[in-house]
Amino acid sequence: MELKNKVALVTGGSSGIGAETAKILSKNGCKVVVGYNRGEKRAKNLIKKLYNNGHNIVKIDLRDQNCSEVAKKFIKKTYGKLDYLINSAGYTEPINHADISSLTPEKFNMIININTGGTYSIIRTFVPLLNLSKSATIVNVSSVSAFTGSGSNIAYCAAKAAIDTMTISLARALGPKIRLLSVSPAAVATNFVEGRTFENLKNIAKKTPLKKVIKPKDVSLAILACLTHLKSSTGTRIIVDGGHHIK
Ligand SMILES: NC(=O)c1ccc[n+]([C@@H]2O[C@H](COP(=O)([O-])OP(=O)(O)OC[C@H]3O[C@@H](n4cnc5c(N)ncnc54)[C@H](OP(=O)(O)O)[C@@H]3O)[C@@H](O)[C@H]2O)c1
């Protein structure tokens with residue numbers, strides 16, 4: 001119960017890594033606001049399964065700043081503060097890196113805008129509320145794609161690299177009140193990448209030093225550690241990939 005009575009907003013909390021993070025934070029005493037986009041029903045079901053009480057859901061659409069403003073008002077009115085912002089929401093689609101005809105400039109910008117612009121906009125909205133907390137921390141769920149340049153498509157890799165750079169800049173600008181960290185997984189067992197099967201993930205894992213498929217829980221534990229143990233860390237990334245990036 002290390003996080004007793006802390007308040008966390010988890011964007012992309014309706015599934016995968018975000019949902020697992022909501023669970024582990026609630027188990028540790030946090031009141032969790034689960035952000036959803038299309039998964040309202042999933043988010044509603046999830047908060048019934050969380051530990052302890054005081055949890056809520058809010059609509060957060062990375063493409064719509066107004067959503068975050070409404071969510072901020074709700075969180076301020078309900079809890080009066082926000083201690084942790086976990087940005088797990090993200091979007092991608094599989095496009096072979098050699099297929100540059102399919103990755104049009106419009107699509108490239110759309111992927112950057114959703115992932116990087118959307119994450120920036122959410123952070124910007126919640127900074128005033130986070131500034132009221134004595135343990136304010138922002139964790140951006142990034143990816144090893146940011147520095148390996150390998151991932152579901154070129155724009156996604158660039159978007160995650162931009163998130164990592166933004167994490168460094170904001171950590172410098174917003175400290176000492178707010179810490180920022182990236183948590184960077186690779187190939188996690190969720191439905192994030194359309195068409196990717198568990199079999200595919202097992203084959204990817206075989207080539208890594210730890211030879212294990214990374215589960216949402218592995219990433220959520222790293223996010224928890226950022227809040228509970230890595231209190232002297234800011235502006236850096238925690239890699240959770242079984243050694244994928246050094247394979
Ligand atoms: N799975 C991997 O292999 C992997 C590897 C490295 C990094 N990551 C990162 O991990 C994060 C979580 O992904 P996941 O693996 O947990 O996949 P996931 O289960 O598909 O979760 C993605 C989440 O993002 C939300 N989302 C999508 N578009 C959105 C939008 N426009 N506005 C707001 N929310 C939106 C979804 O919400 P709704 O369902 O409610 O629409 C969903 O909750 C992402 O940032 C991803 O880049 C994943």
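Residues numbered from 1 in each chain as written. Predicted model: local features only at pLDDT ≥ 70, side-chain atom pairs only at ≥ 80, totals over all residues.

**Q** Give me the overall build of the protein chain: which residues, what numbers.
**A** Of regular secondary structure, the protein chain possesses eight helices and seven strands. Rg of the C-alpha trace for the protein chain: 17 Å, near the compact-globule value of 18 Å for 247 residues, within the 12% margin. For the protein chain, the spread of C-alpha atoms along the principal axes amounts to about 50 × 35 × 35 Å. When the 247 residues of the protein chain are sorted by exposure, 45% land in the buried category. Sequence-distant contacts, at least 24 apart, represent 74% of the contacts inside the protein chain between residues at least 6 apart. (Helix = DSSP H or I, 4+ residues; strand = E, 2+ residues; numbered from the N terminus. Rg over C-alpha atoms; globule rule 2.2 N^0.38 Å. Buried ≥ 20, exposed ≤ 12 C-beta atoms within 10 Å, placed from the backbone. Contact = placed C-beta atoms within 7 Å.)

**Q** Lay out the site of the ligand with the relevant residues and their values.
**A** Not every one of the 28 residues close to the ligand is listed here, only the nearest: Gly12, Gly16, Gly39, Gly90 and Phe192. With three residues, the single largest contributor to the shell around the ligand is helix α1 (residues 16-27). The residue inventory of the shell around the ligand, partitioned by class, reads 13 nonpolar, 12 polar and three charged. (Near = placed C-beta within 6 Å. Nonpolar A, V, L, I, M, F, W, Y, C, P; charged D, E, K, R; others polar.)

**Q** Describe the packing of helix α3 (residues 65-79) against helix α4 (residues 105-130), with residues and values.
**A** Where α3 meets α4, the closest approach of the two axes is 9 Å, and the angle between their N-to-C directions is 25°. Considering their axes alone, α3 and α4 lie roughly parallel with respect to each other. The two elements α3 and α4 cross, and the hand of that crossing is right-handed. Facing α3, whose interface residues are Gln65, Ser68, Glu69, Lys72, Ile75 and Lys76, α4 presents Ser121, Ile122, Thr125, Phe126 and Leu129. Residue classes in the contact of α3 with α4 are distributed as four nonpolar, four polar and three charged. (Axes fitted to C-alpha atoms, helices over the stretch in contact; angles between N-to-C directions. Parallel < 35°, antiparallel > 145°, perpendicular 65-115°, else oblique. Left-handed = near helix turned anticlockwise from the far one by under 90°.)

**Q** Help me get a handle on the environment of Asn203, residues and values and all.
**A** For Asn203, the location among the structural elements is in helix α7 (residues 198-206). Residues Asn203 and Val213 lie 10 residues apart in sequence; the distance between their C-alpha atoms is 8.9 Å.

**Q** Can you break down the sheet that holds strand β7 (residues 236-240) residue by residue, with the values?
**A** The strand order across the open sheet built from seven strands is β3-β2-β1-β4-β5-β6-β7, with neighbouring strands paired in parallel fashion. The sheet is open, and its two edges are formed by β3 (56-59) and β7, each paired on a single side. Ignoring strand direction, the axes of neighbouring strands in this sheet form an average angle of 20°. Sheet topology places strand β2 (residues 31-36) next to β3; four bridges connect them, and they run parallel. Note on β3: the bridge partner recorded for Gly35 is Val58. Sheet strands in contact with helix α2 (residues 40-49) are β2 and β3, and its direction is about 165° off that of β2. (Pairing = 2+ DSSP bridges.)

**Q** I'd like a description of the nonpolar core, backed by residues and values.
**A** Counting residues in hydrophobic clusters, the biggest one holds 65 residues, and the most contacted among them are Ala8, Leu9, Val32, Val34, Leu85 and Val183. If near-sequence neighbours (up to four positions away) are discounted, Leu9 is found in contact with Val33, Gly35, Ile75, Leu82, Leu85, Ile86 and Phe126. (Core = buried A, V, L, I, M, F, W, Y, C linked by C-beta atoms within 7 Å.)

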